[in-house]
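Now for the letters of each chain:
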2 protein chains.
Amino acid sequence: VTAARAPRAWILATGSELTRGETRDANGPFLAAELTVLGIGVERIALLPDEPAVLARAIAEAQAAADVVLVSGGLGPTADDHTVRVVAEVFGRPVRRHPEAERRMRERVLRRVASESEIPENYWKQSEVVEGAEVLLNPVGLAPGMLLDTARGVLVVLPGVPRELEAMFSELAAPRLLARLGARFALEAPRIFRAKILGHPESWAEARIQALGIDFARVEYGISARPGELLVKFIAHRAPDHAYVDQVRSLLEREFAADILVLPEGLGARENDLEHSRLVHEALLASGLTVAAAESCTAGLIAKRLTDHAGSSASFLGGVAAYADRVKEAVLGVPPALIREHGAVSEAVCAAMARGARRLFGADLAVATTGVAGPGGGSPEKPVGLVYVALAAPPGAGGGEETVEVERHRFWGDRRNVRALAALRALELLRRAAVSATARAAAGAAAAGRRARGPGNG
Amino acid sequence: VTAARAPRAWILATGSELTRGETRDANGPFLAAELTVLGIGVERIALLPDEPAVLARAIAEAQAAADVVLVSGGLGPTADDHTVRVVAEVFGRPVRRHPEAERRMRERVLRRVASESEIPENYWKQSEVVEGAEVLLNPVGLAPGMLLDTARGVLVVLPGVPRELEAMFSELAAPRLLARLGARFALEAPRIFRAKILGHPESWAEARIQALGIDFARVEYGISARPGELLVKFIAHRAPDHAYVDQVRSLLEREFAADILVLPEGLGARENDLEHSRLVHEALLASGLTVAAAESCTAGLIAKRLTDHAGSSASFLGGVAAYADRVKEAVLGVPPALIREHGAVSEAVCAAMARGARRLFGADLAVATTGVAGPGGGSPEKPVGLVYVALAAPPGAGGGEETVEVERHRFWGDRRNVRALAALRALELLRRAAVSATARAAAGAAAAGRRARGPGNG
């Protein structure tokens, strides 16, 4: 038995706003990541204008060249939306209204207008499908998608609104692709390991991963970067390699120790949506701790990220963007002598800011940042990128004073990057403190339980 | 004389990180926007993997189909970089090292290594070009680009690093495209009008623009959205229509009055980089006024945006993210009775927050936000999206008390959108206050000048 070749896909994303460079396409990258995980290689992502002739030619070409063709967009009610008619033309089939899609549309619109006569005729265009296509009812919006058999495989038509496309692909299209192509191309459900590596440049992390001796013939590897966060991904497409993914995971955990954050399993390709700040938010909620921030160089970025997620008022009390020195003194209570002696960008001032924020807001945990974000303001002693990050926390179980840890970092990149890295580091200190507190509380509860049950009762 | 048809372009962006969905392509949208402004229609943006066979086929196809083909990426030193060899193969020509590119590379690398023998052989790959191509020396980095004549027009090869690509396209490739294709396709230097419409949904603005009776045969129109900001663009490609662009501008200024922000002329296609927050930053610096923020629902977002740009410490003093009610009371001095009586999301509390921030930080101007960002926390009386935005400013020239204006907004969309819109509105209030102050100061100086010169001395 020889190994089957991997199926090849073309993705066609339609919209003249894309080919005029006015909007960045989000659907192509989403679908490409999903197909890659399924073991389907993407040979082309083409962005096309809303022109029927261009679209018809591209669809005809794609279905002749690729095993899987995904088309997104052009299913709306306006004159710019051509996809259903063009697909019908390419396949030589008529267009008809889909009764169930039509019924849903009527139901939805009659909530807003008094009678059906008020509905503009072009509204019903969204219920049109190509005869003989398998119809994918829209799990989120109105326009249905379609699945059609081609000479080489399958063509899938999806709506252009990202939320609708993502839901329809994951819930309806992906299982059907596996069902129709799985046996022919020996596609199996893959095993995936995903992690974030925090606070390092991509080139550095990449070099260390390459030096680990991983057999990249057995696992597919991907890395993508945003400021301070690298998302790494290892996929084993064949069952015999599934266990190898766990070995790779151990290698990475050992290599990156405190800087790696293994993501929960079972995420979809929207993994990029699983922002670090969400993990911090969830860890804080689980811990029951309250937090505050005192921000100089990040000036609001930490507070913004801590409140990006619904429900953050249970943990976040408030923050001070303390840009001017006299704000650090007057609002956060940093002793003027500290600033005179050490400068505003110093370990001592950062610690005092964290203590001040903890006191001002009455929070359990407080973080502080002070640094040189650039591009100006650097000196040989305090260069652009130098940032102090502090965490103030309650006294340990043994009592005593609050604890303050201060880290000194030399971040790279432009102003935006330095600020993002500083905020990320502060958030990560909060996340770790919250996770430890939750673990201590659980251990304490377990010990209390053991004591209550007494020896020999376990 | 019949009008020449517009030239048609294909853009090919290479990189397996793109077709695996790991990275979003920035070069395609940049080039598409630039070509659109030049009057060249983009028929396809194709993202392709680093596979020589796929790339060769796509380049052959593109040069047969399009008048202009732009290829980006694959010019680096690694084994993944295939573009030069593939183009050479498609054109049936040899590859050779370009002496000037090689000289520059040697000069650059010898700053870091002691002798040429230490340079790995693959480094020199970046000096390779296709014989007979017009070479575009890299204005920013190392690898040169190329321009080749095709049967239908021109093929241009550009580096994949966005900074390098943008500089090479704008400085070297665009003028050559106009020179080679201008006469044949009657391309002229276009006239452009660009503006931002602030604080309205795209569908609303779009309907109003469509109702203005603009002759879209004479001006090309584009609109692109990000939360709260719509960038509209009108381009006249033919000289006789240049004056019509000014008429369109007057129409829009009248229609959108206080909500339109006309952008300075002469911007490149990187217009999306001209963020609203930068305009605010520049207006504040010009006014010499200092600012502070008190943020409840936006919690740090305003402070973050005010400090996104270098030099912001000249205007921004500080901010408070006042999430918890007791922070509004204890830090900003909002009277507890106000919160009890009106609730934290109220006009009275918002005004008190702005006053409190102005006092706490000793700033000239202070903005405040309080609202229901959602998804939870809404009620029939105070629904999700309800946001108050306040601006506290110094007394007018006549003296008296500080002035506080409070606006009540009902924003749309999800949590992220509501927060972005609230921050945008607060920033826009600051920008307008700063612009007015600058204008008043200029008028005052002029009047003082007239008085000093005395009557009849003008």
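Just so it is clear, the model here is predicted, and its values are computed rather than measured. (Residues numbered from 1 in each chain as written. Chains lettered and ligands numbered in written order. Predicted model: local features only at pLDDT ≥ 70, side-chain atom pairs only at ≥ 80, totals over all residues. Heavy atoms only, no water.)

Asker: Quick question: what am I supposed to make of the overall build of chain A here?
Answerer: In terms of regular secondary structure, chain A is built from 14 helices and 17 strands. If you line up chain A on its principal axes, its C-alpha atoms span 80 × 60 × 55 Å. A total of 458 residues make up chain A; the buried ones form 55% of that total. A separation threshold of at least 6 residues defines the contact pool for chain A, and within that pool the share at least 24 residues apart is 69%. Here chain A displays about 18800 Å² of accessible surface, and carbon together with sulfur accounts for 51% of that area. Side chains of chain A carry 55 positive and 55 negative charges; the gap between the two charge centres is 4 Å. (Helix = DSSP H or I, 4+ residues; strand = E, 2+ residues; numbered from the N terminus. Buried < 20%, exposed > 50% of the residue type's maximum accessible area, 1.4 Å probe, protein only. Contact = heavy atoms within 4.5 Å. Areas by Shrake-Rupley, 256 points an atom, 1.4 Å probe, with all protein chains shown as cover. Lys, Arg positive; Asp, Glu negative; His and termini not counted. Charge placed at Lys NZ, Arg CZ, Asp CG, Glu CD.)

Asker: Explain the interface of chain B and chain A here, please?
Answerer: Think of interface size as the accessible area that goes away when the parts come together; that is how it is often given. Taken together, the contacts link 64 residues of chain B with 63 residues of chain A. At the boundary of chain B and chain A, one finds six salt bridges. A salt bridge links Arg-419 of chain A to Asp-308 of chain B; its shortest N-O distance comes to 3.0 Å. Linking chain B with chain A are 32 residue pairs in polar contact (both at pLDDT 80 or more). Alignment of strand β2 (residues 41-48) of chain A against strand β2 (residues 41-48) of chain B, held across three bridges, turns out to be antiparallel. For Ala-46 of chain A, the partnering residue across the bridge sits in β2 of chain B and is Ala-46 of chain B. (Salt bridge = Lys/Arg side-chain N within 4 Å of Asp/Glu carboxyl O. Polar contact = N/O pair within 3.5 Å; in protein donor to acceptor, adjacent residues only side chain to side chain. Pairing = 2+ DSSP bridges.)

Asker: When you look at the pattern of salt bridges in this model, what are you seeing that I'm missing?
Answerer: Pairing is possible between side chains that carry opposite charge, provided their charged atoms lie close to one another. Residue and element names in this part refer to chain B. For the coordinates displayed, the defined rule picks out 62 salt bridges over all chains. In this structure, Arg-103 and Glu-107 form a salt bridge, with 2.9 Å as the shortest nitrogen-oxygen distance. In this pair, Arg-103 and Glu-107 are both assigned in helix α5 (residues 99-109), four residues apart and thus about one turn of the helix distant. The class for Arg-103 is partly exposed, based on a relative accessible area of 39%.

Asker: Help me understand the packing of helix α3 (residues 52-65) of chain B against helix α4 (residues 83-91) of chain B in this model?
Answerer: A pair of packed helices can be characterised by two numbers: the angle between their axes and the separation between those axes. Residues and elements named next belong to chain B. Orientation of α3 relative to α4, taken along the N-to-C sense of each, is 50°, at an axis distance of 9 Å. By the angle between their axes, α3 is oblique relative to α4. α3 and α4 meet at a crossing whose hand is right-handed. Here Pro-52, Leu-55, Ala-56, Ile-59, Ala-60 and Gln-63 of α3 lie close against α4, whose contacting residues are Thr-83, Val-86, Val-87, Glu-89, Val-90 and Phe-91. (Axes fitted to C-alpha atoms, helices over the stretch in contact; angles between N-to-C directions. Parallel < 35°, antiparallel > 145°, perpendicular 65-115°, else oblique. Left-handed = near helix turned anticlockwise from the far one by under 90°.)

Asker: Can you help me understand empty space enclosed by the protein in this one?
Answerer: A probe as big as a water molecule, rolled over the atoms, marks out the empty space that is left. This model, assessed by the stated rule, comprises seven cavities of 30 Å³ or more. Considered as a void within the structure, the largest cavity measures approximately 90 Å³ in volume. The class makeup of the residues in the lining of the largest cavity is five nonpolar, one polar and four charged. (1 Å grid on protein atoms, 1.4 Å probe; cavity = no way out; pocket = protein on both sides within 12 Å on 5 of 7 lines; lining within 4 Å. Points joined across faces, edges and corners; volume = space filled by probe spheres on them. Nonpolar A, V, L, I, M, F, W, Y, C, P; charged D, E, K, R; others polar.)

Asker: Whenever I open this one, the relation of the copies chain B and chain A confuses me. Can you help?
Answerer: The two chain copies are connected by a rotation around an axis plus a translation along it. The transformation that overlays chain B on chain A combines an axial shift of 0.4 Å with a rotation of 180°, and the residual RMSD is 0.5 Å. Such values leave the two copies arranged in the relation of a two-fold axis. When you check the interface residues of chain B against chain A, 98% turn up at the interface there too, and the contact is symmetric in its surfaces. (Least-squares fit on C-alpha atoms with pLDDT ≥ 70 in both.)

Asker: What should I look at first to understand helix α6 (residues 162-185) of chain B in this one?
Answerer: An α-helical turn contains 3.6 residues, so any two residues separated by three or four positions project in the same direction. The end-to-end C-alpha distance of α6 of chain B, which contains 24 residues, comes to just 28 Å, noticeably less than the 34 Å that a straight helix rising 1.5 Å per residue would cover. In the stretch just after α6 of chain B, Ala-186 of chain B is the one whose phi turns positive, near 55°. (Expected span 1.5 Å × (residues − 1).)

Asker: Teacher, can you tell me more about unusual backbone geometry here?
Answerer: Residue Pro-375 of chain A is bonded to the preceding Gly-374 of chain A through a cis peptide linkage, with omega at 0°. Looking at where Pro-375 of chain A falls in the secondary structure, it is placed in the loop between β15 (365-371) and β16 (386-393). We note that Ala-186 of chain B has phi near 55°; this positive angle belongs to a residue other than glycine. With respect to the element layout, Ala-186 of chain B can be found in the loop between α6 and β9 (191-198). A relative accessible area of 48% places Ala-186 of chain B in the partly exposed class. We note that Ala-299 of chain B has phi near 35°; this positive angle belongs to a residue other than glycine. Its relative accessible area of 0% is what places Ala-299 of chain B among the buried residues.

Asker: Would you mind showing me how to read the confidence of the model for chain A here?
Answerer: Predicted coordinates in areas of low pLDDT are best not read in detail. Per-residue pLDDT for chain A averages 90, and the proportion of residues at 70 or more is 95%. For this predicted complex, the interface confidence score (ipTM) comes to 0.73, while the overall pTM stands at 0.74. (pLDDT = per-residue confidence, 0-100.)

Asker: Quick question: what am I supposed to make of the sheet that holds strand β15 (residues 365-371) of chain B here?
Answerer: One key point about sheets: their strands pair by backbone hydrogen bonds, in either a parallel or an antiparallel sense. The 10 strands are arranged β17(A)-β16(A)-β15(A)-β13(A)-β14(A)-β14(B)-β13(B)-β15(B)-β16(B)-β17(B) in an open sheet whose pairing can be described as mixed. At either end of the open sheet lies a strand with only one pairing partner, and these are β17 (403-410) of chain A together with β17 (403-410) of chain B. Neighbouring strand axes in the sheet, compared pairwise and without regard to direction, differ in orientation by 10° on average. Each of β13 (291-295), β15, β16 (386-393) and β17 of chain B touches helix α14 (residues 415-453) of chain B; the most contacted strand, β16 of chain B, lies at about 20° to it.

Asker: Help me out: how do you make sense of the sheet that holds β9 of chain B in this one?
Answerer: All names here are of chain B. Strand order in the open sheet made by the four strands is β10-β11-β9-β12, with antiparallel pairing throughout. The open sheet terminates on both sides in strands that have one partner only, identified here as β10 (220-226) and β12 (260-262). In this sheet, neighbouring strand axes are inclined to one another by 20° on average, regardless of whether the strands run parallel or antiparallel. By the bridge criterion, three bridges tie β9 to β12 in an arrangement that is antiparallel. The residue bridging Lys-196 from the neighbouring strand is Leu-261, located in β12. With respect to the sheet, helix α8 (residues 242-256) is in contact with β9, β11 (229-236) and β12, its orientation differing from that of β9 by roughly 10°.

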